Amino acid sequence: MITKSMEIRIPAGLEPGTIALLIQTASQYDSKVYVQSENKKVNAKSLMGMMTLGLPEGSVLTIVADGSDEERAVEDIERYLSNEK
């Protein structure tokens, strides 16, 4: 299991369009992937769960991944949230 904190650097923050892309990124992996913010922990592959977070740019969240490809999952999610192309 990997746990890593990261900052959202996407100008729009996590709104419906950027959440959809985050879900697509997380869904490419077999590992279980969760996003934690304050006291909430949601499945990163769940639209309804992710929509409850409402995180703006600059927010810090924690990604938790567990599975055979957990390292690649966390790296790709961090790359996406860092707004790197």
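Presented here is a report on the structure given in the accompanying data block.

Cut-offs and rules
- Residues numbered from 1 in each chain as written.
- Predicted model: local features only at pLDDT ≥ 70, side-chain atom pairs only at ≥ 80, totals over all residues.
- Heavy atoms only, no water.
- Salt bridge = Lys/Arg side-chain N within 4 Å of Asp/Glu carboxyl O.
- Helix = DSSP H or I, 4+ residues; strand = E, 2+ residues; numbered from the N terminus.
- Buried < 20%, exposed > 50% of the residue type's maximum accessible area, 1.4 Å probe, protein only.
- Axes fitted to C-alpha atoms, helices over the stretch in contact; angles between N-to-C directions.
- Parallel < 35°, antiparallel > 145°, perpendicular 65-115°, else oblique.
- Left-handed = near helix turned anticlockwise from the far one by under 90°.
- Contact = heavy atoms within 4.5 Å.
- Nonpolar A, V, L, I, M, F, W, Y, C, P; charged D, E, K, R; others polar.

## Some remarks on the pattern of salt bridges
For step 1, the next point in the chain: Taken as a whole, this structure holds two salt bridges when the rule is applied.
For step 2, the next point in the chain: Here lysine 4 ties to glutamate 78 by a salt bridge, and the two come within 2.7 Å at their closest N and O atoms. Here lysine 4 is found in strand β1 (residues 2–7), whereas its partner glutamate 78 is found in helix α3 (residues 70–81), with 74 residues between them in sequence.
For step 3, the next point in the chain: The exposure class assigned to lysine 4 is partly exposed, which follows from its relative accessible area of 32%.
For step 4, the next point in the chain: Here glutamate 78 falls in the partly exposed class, since its relative accessible area comes to 23%.
For step 5, the next point in the chain: Aspartate 76 is the partner of arginine 79 in a salt bridge, and the nearest nitrogen-oxygen pair spans 2.5 Å. One end of the pair, arginine 79, and the other, aspartate 76, are both in helix α3, three residues apart, so they sit about a helical turn from each other.

## Some details on the packing of helix α1 (residues 16–27) against α3
For step 1, the next point in the chain: α3 packs onto α1 with a crossing angle of 160 degrees between their chain directions and a minimal axis gap of 9 Å. Taken together, the axes of α1 and α3 lie roughly antiparallel to each other. The way α1 lies across α3 gives a crossing that is right-handed. Every residue of α3 that contacts α1 at Thr18, Leu21, Leu22, Thr25 and Ala26 is listed here: Asp76, Ile77 and Tyr80.
For step 2, the next point in the chain: In terms of residue class, the contact of α1 with α3 is built from five nonpolar, two polar and one charged.

Any functional reading would require information beyond the geometric quantities listed.
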